[in-house]
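Overview (structure and organization)
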Amino acid sequence: MLRYLLAAPFLIHGLAHLSGFLTSWTGAETGFSNQPWIFTSQVSLKSGPGRVFGLLWLAAAAGFTATAYDLAFRGELWILTALPAAAASLLAILPWLRTVPPGAWVGAVFDLIVIVVLYTPLQDRLLSWIR
């Protein structure tokens, strides 16, 4: 049961990343503004570089979904998918932090928590807790 509770936020966070991909690759309205943050005004989510970041959002979505699946079904590789997914998520969101919906800030905090927990001695505590 504990594994499912831990897998749920990974799945929700992964599915939420689809909004970044959809914003940059389709005309879907997902709450993002089309303004850049650290780039010049010529670079937006719909531009070529913006679409590259959209692919990062898609990669993070796939990584977090794989993490949730592996964690829920007692796999042992979930840490190996969680860390790159969290890194891709942060890389995808940071340049657009002022343009994303407020929930994305929560997602960025989740990414930081994942990285801190899995790169510190807290990882051992977490692993013993879910076994």
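Residues numbered from 1 in each chain as written. Predicted model: local features only at pLDDT ≥ 70, side-chain atom pairs only at ≥ 80, totals over all residues. Heavy atoms only, no water.

**Quick notes on the layout of surface pockets**
Condition: Here a cavity denotes a set of grid points, spaced 1 Å apart and computed over the protein atoms alone, in which a 1.4 Å probe fits but from which it cannot get out, and a pocket denotes an open set meeting protein on both sides within 12 Å along at least five of seven lines; residues with an atom within 4 Å of a point are reported as lining. Grid points are joined across faces, edges and corners, and a volume is the space filled by probe spheres set on the points. Put simply, DSSP H or I for four residues or longer makes a helix, DSSP E for two residues or longer makes a strand, and each gets a number counted from the N terminus. When residues are grouped by polarity, Ala, Val, Leu, Ile, Met, Phe, Trp, Tyr, Cys and Pro land in nonpolar, Asp, Glu, Lys and Arg in charged, and all others, Gly among them, in polar.
There is about 260 Å³ of room inside the largest pocket. Forming the boundary of the largest pocket are 17 residues, of which Ala-16, His-17, Ser-19, Gly-103 and Ala-104 lie nearest the centre. Looking at the lining of the largest pocket, the elements that each hand over two or more residues are helix H1 (2-16), helix H2 (18-25), helix H4 (78-93) and helix H5 (103-118). Per element, the largest residue contribution to the lining of the largest pocket is six residues, and it comes from H5. Of the residues in the lining of the largest pocket, the class split is eight nonpolar, eight polar and one charged.

**Quick word on H1**
Helical geometry note: an α-helix holds 3.6 residues per turn, so side chains three or four residues apart project in the same direction. For clarity, the cut-off: Each helix should span, by expectation, one fewer than its residue count multiplied by 1.5 Å. Should any heavy atoms of two residues lie within 4.5 Å, those residues are considered in contact.
Given a rise of 1.5 Å per residue, 15 residues ought to cover 21 Å, and the 22 Å separating the end C-alpha atoms of H1 matches this to within 8%. For H1, the secondary structure elements touched by its buried residues are H2, helix H3 (48-72), H4, H5 and helix H6 (122-130).

**Remarks on the confidence of the model for the chain**
Operational definition: For every residue, the predictor assigns a confidence score, pLDDT, that lies between 0 and 100.
Confidence in the prediction of the chain, expressed as mean pLDDT, is 87, and 96% of residues score 70 or more. The spread of mean pLDDT over the elements of the chain runs between H6, the lowest at 77, and H4, the highest at 94.

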